[in-house]
Amino acid sequence: MSGSSRRPRLFRRHSSREIMNNLASVSSSFLPAFGTIVDETHHLHLKKFVIAPYDRRYRWWQTFLVVLVIYSAWASPFELAFKKVSMGPLLPLDLIVDAFFAIDIILTFFVSYLDKTTYLLVVDHKKIAMRYVTKMLFPMDVASTLPFQLIHRVVTGKVHSGEAFRFLSLLRLWRLRRVSQLFKRLEKDTRFSYFITRCCKLICATLFSVHSAGCFYFWLATRHKNPENTWIGSQVPDFEQRTIKLGYTYSIYWAVVTLTTVGYGDLHAVNPSEKAFTLFYMLFNIGLTAYVIGNMTNLIVHNAIRTFAVRDSINEILRYGSKNRLPEGLKDQMLAHLQLKSKTVELQQEEVIANLPKAIRSSISQHLFYPTIEKTYILRGVSQDFIAQMVSEIKAEYFPPKLLSRLGSSDMAGEIAVLLNIPQPFTLRTRKLSQVIRISHDHFKQLVKPNSQDGNILLSNFIQYLKSLKQEIVQEIPCLPELLSDLATITEATDLNEDPQNQESVDGNTRVIEEDVGGNCCPWCNVRVIIHGNSPNQNTTKGKLVYLPPTIEDLYRLAENKFGKRPNMIVIGDDSEVEELNALRDNDHLYLIF
């Protein structure tokens with residue numbers, strides 16, 4: 001970063017949009033493994049005639065096959081029920097679909113896979129082939145692709161449309177696993193709505209169940225020895241000679257009525273085989289209905305769960321206020337805070353940001369808050385590195401409107417309490433809904449301690465600000481004169497402001513320069529001690545809380561300034577003389593021996 005640049009560069013010049021697009025389009029269960037080399041054009045360096053499983057072209061091929069799977073899922077039960085179409089108009093279409101899946105079987109011998117032990121892509125042709133052949137995938141893919149009727153016709157020269165071949169066509173339902181894998185990928189793809197994807201999955205499962213049950217129920221009627229003693233034969237005489245459209249309509253009607261538990265009774269099981277199947281189908285419907293209702297409930301409740309939580313919290317606050325008889329104004333403030341928190345939770349998204357690495361969180365803070373932070377009066381003249389560190393630690397909050405005084409963009413509040421390590425002497429209210437960025441006291445002190453020069457600049461800016469406050473503001477802060485007096489005492493004790501060589505002019509303001517001593521004049525960096533104007537054996541008088549100066553001599557000078565005379569010795573509670581200031585800790589009691 002050049003010296004003239006005021007703001008750190010947060011992003012690279014290129015590839016950010018491409019990265020986001022790639023992340024949004026992760027619709028495959030495979031990702032490049034560590035050790036896989038990808039060039040700038042996002043192409044993998046693989047062996048010749050090897051296909052990456054997450055290659056975009058291969059994924060489009062898999063999506064195209066899913067469309068063919070949908071046809072197979074409809075045609076297989078349909079051809080079982082209506083044998084007229086198995087050797088009729090659907091046969092050429094079946095052969096074309098089987099040809100595409102045969103091509104996919106061949107392609108699978110060239111698709112690399114991820115080794116579960118090394119998590120690297122295996123590109124060896126022999127290993128790829130052995131893995132595919134030795135698993136159940138290969139024989140099932142072959143069995144679901146072979147055109148058994150055509151093979152029988154070629155071998156024997158005869159056309160055979162028996163039930164055996166129609167049952168073999170049900171092997172094509174093995175391809176449904178591709179649909180399940182597609183929905184899993186779509187659910188992870190941020191370009192598609194999760195709610196819509198799940199609804200489509202439930203609808204597809206329901207339609208397939210209804211279609212399969214209706215076709216199988218019609219097949220039971222066609223194979224019965226007495227057609228009139230069947231569920232459809234009792235209503236439609238000679239139903240086998242009727243059109244396919246009529247038989248399919250009756251079948252789907254029965255399946256839907258049974259699935260929805262309406263049960264009009266116009267179509268009912270007649271013979272034992274139909275009753276057994278109806279029993280099985282109704283038991284299956286119980287599970288399917290529970291699955292559909294459970295998923296829909298989860299999807300709906302997920303969108304409304306935040307509203308439920310807010311309503312419960314409001315009721316809890318109302319009960320708490322009534323039980324403890326809180327004033328109406330206080331209860332209104334509690335409710336206003338809760339409603340504001342619920343409205344701004346999507347804007348703050350603290351939970352989302354908290355799960356990100358610190359480097360990314362820091363970049364987000366730099367982008368959002370850096371322009372505002374660098375304009376504050378207290379940071380005027382400090383280093384850009386200090387501002388960048390400070391921005392990384394701040395957080396945003398929202399406050400409801402309640403006006404007390406007026407502050408604008410880049411103005412500050414609460415710095416008196418932080419810089420002087422005391423309770424904040426006054427509060428602020430907002431006129432309208434305001435976003436406030438804050439930093440905790442501890443984080444601020446941790447930032448200032450290793451940056452003593454920036455700390456001196458901060459203190460100088462702060463003192464100049466206190467001196468420039470208007471009279472009406474001073475009246476609102478009763479402790480301000482005492483605070484200014486303490487600051488003057490600390491500055492005098494360090495004796496930094498007495499030597500003109502230790503000062504320089506910056507933008508018309510006087511800035512204190514740190515002296516080469518063992519400490520600094522930054523009050524929030526020093527230890528606070530309590531000094532008493534008597535020995536430990538005497539009755540303890542009311543002590544005075546001061547910041548520990550850098551040297552023993554400065555401590556004696558500070559004690560003389562506070563009590564009017566210079567002590568001969570400074571001891572602690574066990575009458576031990578204080579010789580090293582490094583041995584003192586925060587809130588230690590020091591006693592003056594005159």
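Just so it is clear, the model here is predicted, and its values are computed rather than measured. (Residues numbered from 1 in each chain as written. Predicted model: local features only at pLDDT ≥ 70, side-chain atom pairs only at ≥ 80, totals over all residues. Heavy atoms only, no water.)

Asker: Provide a residue-level description of the state of the cysteines, including the pertinent values.
Answerer: Here the structure, examined in full by the defined rule, presents zero disulfides. Here Cys 200 stays unpaired: no disulfide links it, and the sulfur of Cys 204, its closest cysteine neighbor, is 6.4 Å away. Accessibility expressed as a relative area gives 36% for Cys 200, which makes it partly exposed. (Disulfide = S-S within 2.5 Å. Buried < 20%, exposed > 50% of the residue type's maximum accessible area, 1.4 Å probe, protein only.)

Asker: Which residues make up the UniProt feature "transmembrane region" (unreviewed entry) in the protein chain, and what are the values?
Answerer: Following the UniProt record, the feature "transmembrane region" (unreviewed entry) maps to residues 59-78, 90-114, 195-220, 248-267 and 279-301 here. The distance separating the terminal C-alpha atoms of residues 59-78 is 29 Å; by composition the span is 100% helix and 0% strand. Helix makes up 60% of residues 248-267 and strand 0%, whereas the separation of the span's terminal C-alpha atoms amounts to 14 Å. (UniProt positions renumbered as here; feature names shortened; annotations may be inferred. Helix = DSSP H or I, 4+ residues; strand = E, 2+ residues; numbered from the N terminus.)

Asker: Run through the packing of helix H2 (residues 56-81) against helix H10 (residues 194-223), naming residues and quoting values.
Answerer: Between H2 and H10, whose axes approach to 8 Å, the crossing angle comes to 15°. Considered as vectors, H2 and H10 are oriented roughly parallel to each other. Viewed along their axes, H2 and H10 form a crossing whose handedness is left-handed. Here Ala 73, Trp 74, Pro 77, Phe 78, Leu 80 and Ala 81 of H2 come into contact with H10, specifically with Phe 208, His 211, Ser 212, Cys 215, Phe 216, Phe 218, Trp 219 and Thr 222. When the residues that make up the contact of H2 with H10 are grouped by side-chain class, the tally is eleven nonpolar, three polar and no charged. (Axes fitted to C-alpha atoms, helices over the stretch in contact; angles between N-to-C directions. Parallel < 35°, antiparallel > 145°, perpendicular 65-115°, else oblique. Left-handed = near helix turned anticlockwise from the far one by under 90°. Contact = heavy atoms within 4.5 Å. Nonpolar A, V, L, I, M, F, W, Y, C, P; charged D, E, K, R; others polar.)

Asker: Go over the nonpolar core with me, naming the residues and quoting the values.
Answerer: Membership of the largest hydrophobic core comes to 41 residues, with the highest contact counts inside it found for Tyr 217, Phe 218, Trp 231, Ile 232, Trp 254 and Tyr 281. Looking at this core, the elements that each hand over two or more residues are H2, helix H4 (90-108), helix H9 (177-188), H10, helix H11 (244-259) and helix H12 (272-323). For this core, the element with the most residues is H2, which contributes eleven residues. Every residue in contact with Tyr 281, bar those within four places of it in the chain, is listed here: Ser 209, Val 210, Ala 213, Trp 254, Ala 255, Thr 258 and Leu 259. With 21 residues, the next largest nonpolar core counts Val 382, Ala 396, Phe 444 and Leu 458 among its residues. (Core = buried A, V, L, I, M, F, W, Y, C linked by side-chain atoms within 4.5 Å.)

Asker: Report on helix H18 (residues 441-448), specifying residues and quantitative values.
Answerer: Turning to H18, its buried residues number three or more, namely Phe 444, Leu 447 and Val 448. Projection of H18 onto a plane perpendicular to its axis shows the buried side chains occupying an angular sector of 95°, all on one side. (Arc of directions from axis to C-beta.)

Asker: So what's going on with unusual backbone geometry? Residues and values would help.
Answerer: Phi is positive for Asp 238, which is not a glycine, with a value near 55°. Counting through the fold element by element, Asp 238 comes out in the loop between H10 and H11. Of note in this structure, Arg 325 is not a glycine but carries a positive phi near 55°.

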